[in-house]
Amino acid sequence: MAATRDIEIPDQTGKLAVVTGANSGIGLETARRLAAAGAEVVIAVRNPSKGAAAVADITTSHPGAAVAADNLDLSSLASVSEFAAKMSARDRPLDLLVNNAGIMAVPKREATADGFELQLGTNHLGHFALTGRLLPLLRRAEAARVVTLSSSAARFGKMNFDDLQSERKYGPWRAYGQSKLADLLFTFELQRRSAAGGWGVMSNAAHPGSTHTNLQSTGHNMGKDSSGTGMIGVFMRFPGISQQPPQGALPTLYAATSPDAVGSGYYCPDGFQEMNGLPTTASVPKRALDEDDAAELWRRAEALTQVAYPTGP
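Residues numbered from 1 in each chain as written. Predicted model: local features only at pLDDT ≥ 70, side-chain atom pairs only at ≥ 80, totals over all residues. Heavy atoms only, no water.

### Regarding helix α3 (residues 77-89)
The α-helix advances 3.6 residues per turn, and as a result positions three or four apart in sequence lie on the same side.
Then, number 1: Its 13 residues place the ends of α3 18 Å apart at the C-alpha level, agreeing with the 18 Å of an ideal helix rising 1.5 Å per residue.
Then, number 2: Among all positions in α3, only L77, S79, V80, F83, A84 and M87 are buried. Viewed along the axis of α3, the buried residues span an arc of 155°, placing them on a single side of the element. Facing away from the buried side of α3, by more than 90 degrees, are the exposed residues E82 and A89.
Then, number 3: Buried residues belonging to α3 abut β1 (16-20), β2 (40-45), β3 (67-71), α4 (118-140) and α10 (291-305).
Then, number 4: A positive backbone phi angle near 55° is found at D91, which sits one or two residues after α3. (Helix = DSSP H or I, 4+ residues; strand = E, 2+ residues; numbered from the N terminus. Expected span 1.5 Å × (residues − 1). Buried < 20%, exposed > 50% of the residue type's maximum accessible area, 1.4 Å probe, protein only. Arc of directions from axis to C-beta. Contact = heavy atoms within 4.5 Å.)

Here's what the structure looks like:
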């Protein structure tokens, strides 16, 4: 594996952050570094025991870190609503939301509790609903950020609005690519709406390149995606190609904390084909820049999730 290089994380003391899917991999390392920098971090995970283990892991490496776990299943709109209600009950501004959790290349079509295709429902619609429900808390913060994790797989993604839920035709990678493209379309549309409405929320995105996480073995996982399963996962283990989660988390951390990160920015590793290295600006797939598709996806997501964002200031 490539040797880990690093970036400086600015002081996060006094800030409140939520990181979804932070029980392992990139999410865990993102939560660890934020907590080490002084942030109060909420690990939002589906499995309570894994959440507790992640908290123990972080507090072992950083005694005194302010970190806690709470239940969140992004494949259930009811769970999203319950989690958001708990956060609202804290009555505190939310400085950072990292939409990190994801599943990848589910072999056969499955549906969420609300009937959505599982990858689109988890990777995009769940995070769309979560961000919308937490938006009032984000708007109360002085300089809130929303970082949404995409993937290099967004390059081959295509929005199929005629069969958005892959009911007529399903392919594991086709559905995954669509969900990751949807994440980018959401990122850029959220920034446009925030700027137009004066919401004061910066929206940007990152992808981890070729980072070896447990998804290379299972694919169907609520941890953060990387770039492949099966033979692709084996290929990514070759020296000089794959990297470990502490380095794979750096583009996310850059997007979340760097004073140089910008709204609608998209960040990735700076190595060959954006596979490993230190954070840099990523190439944006042409389809992710289609504002008509972004507006249509937003309209569909609001209707499907029944979460309405503000239409103005």
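Additional details are given in the paragraphs that follow.
### Thoughts on the packing of α3 against α4
Then, number 1: Across the interface, α3 lies against α4 with an axial gap of 9 Å and an inter-helix angle of 20°. In terms of axis orientation, α3 runs roughly parallel to α4. Crossing of α3 over α4 shows right-handed handedness. Along the contact surface, α3 presents L77, V80, S81, F83, A84, M87 and S88, while α4 presents G126, A129, L130, R133, L134 and L137.
Then, number 2: Taken together, the residues of the contact of α3 with α4 break down into nine nonpolar, three polar and one charged. (Axes fitted to C-alpha atoms, helices over the stretch in contact; angles between N-to-C directions. Parallel < 35°, antiparallel > 145°, perpendicular 65-115°, else oblique. Left-handed = near helix turned anticlockwise from the far one by under 90°. Nonpolar A, V, L, I, M, F, W, Y, C, P; charged D, E, K, R; others polar.)

### Some thoughts on the pairing of β3
Then, number 1: As paired elements, β2 and β3 share five bridges and run parallel to each other. In the strand pairing of β3, V42 is matched with A68.
Then, number 2: Taking the sense of rotation as the criterion, the β-α-β connection linking β2, helix α2 (residues 48-61) and β3 turns out right-handed. (Pairing = 2+ DSSP bridges. Right-handed = clockwise from strand over helix to strand, strands pointing away.)

### Comments concerning the packing of α4 against α10
Then, number 1: Where α4 contacts α10, the axes come no closer than 10 Å and their chain directions differ by 75°. What the angle tells us is that α4 and α10 run roughly perpendicular. Within the contact between the two elements, α4 uses H124, L125, F128 and A129 and α10 uses L297, W298, A301, E302, L304 and T305.
Then, number 2: Among the residues making up the contact of α4 with α10, the classes are represented as seven nonpolar, two polar and one charged.

### What to know about the packing of aromatic side chains
Aromatic rings in a pair are described by how distant their centres are and how their planes are angled relative to each other.
Then, number 1: The full count for this structure, using the stated rule, is seven aromatic pairs.
Then, number 2: Between W173 and Y176, the ring centres sit 5.7 Å apart and the planes meet at 85°, which makes this aromatic pair edge-to-face. Separated by three residues within a single helix, W173 and Y176 lie in helix α5 (residues 172-197), roughly one turn from each other.
Then, number 3: In this structure W173 comes out as partly exposed when scored by relative accessible area, which is 28%.
Then, number 4: The class for Y176 is buried, based on a relative accessible area of 0%.
Then, number 5: The structure contains a cluster of three or more aromatic residues connected by ring pairs, namely F128, F186, W298 and Y309. (Phe/Tyr/Trp six-rings, centres within 6.5 Å; stacked < 30°, edge-to-face > 60°.)

### Description of the pattern of salt bridges
Side chains bearing opposite charge may pair, as long as their charged atoms lie close to each other.
Then, number 1: Considering all chains together, one arrives at 14 salt bridges under this definition.
Then, number 2: Between R33 and D6 there is a salt bridge; the shortest N-O distance is 2.9 Å. Note that R33 is positioned in helix α1 (residues 25-36) and D6 in the segment before β1, a separation of 27 residues in sequence.
Then, number 3: Between D91 and R140 there is a salt bridge, with its nearest N and O atoms 3.0 Å apart. (Salt bridge = Lys/Arg side-chain N within 4 Å of Asp/Glu carboxyl O.)

### What about the nonpolar core?
Then, number 1: Counting residues in hydrophobic clusters, the biggest one holds 51 residues, and the most contacted among them are F83, M87, L94, L134 and Y309.
Then, number 2: Take this core: its biggest share by element is nine residues, from α4.
Then, number 3: Those residues in contact with M87, other than ones at most four positions away along the chain, are L16, V18, V42, L94, L134 and L137.
Then, number 4: Ranked by size, the runner-up nonpolar core spans 32 residues in total, among them V41, I58, V67 and L253. (Core = buried A, V, L, I, M, F, W, Y, C linked by side-chain atoms within 4.5 Å.)

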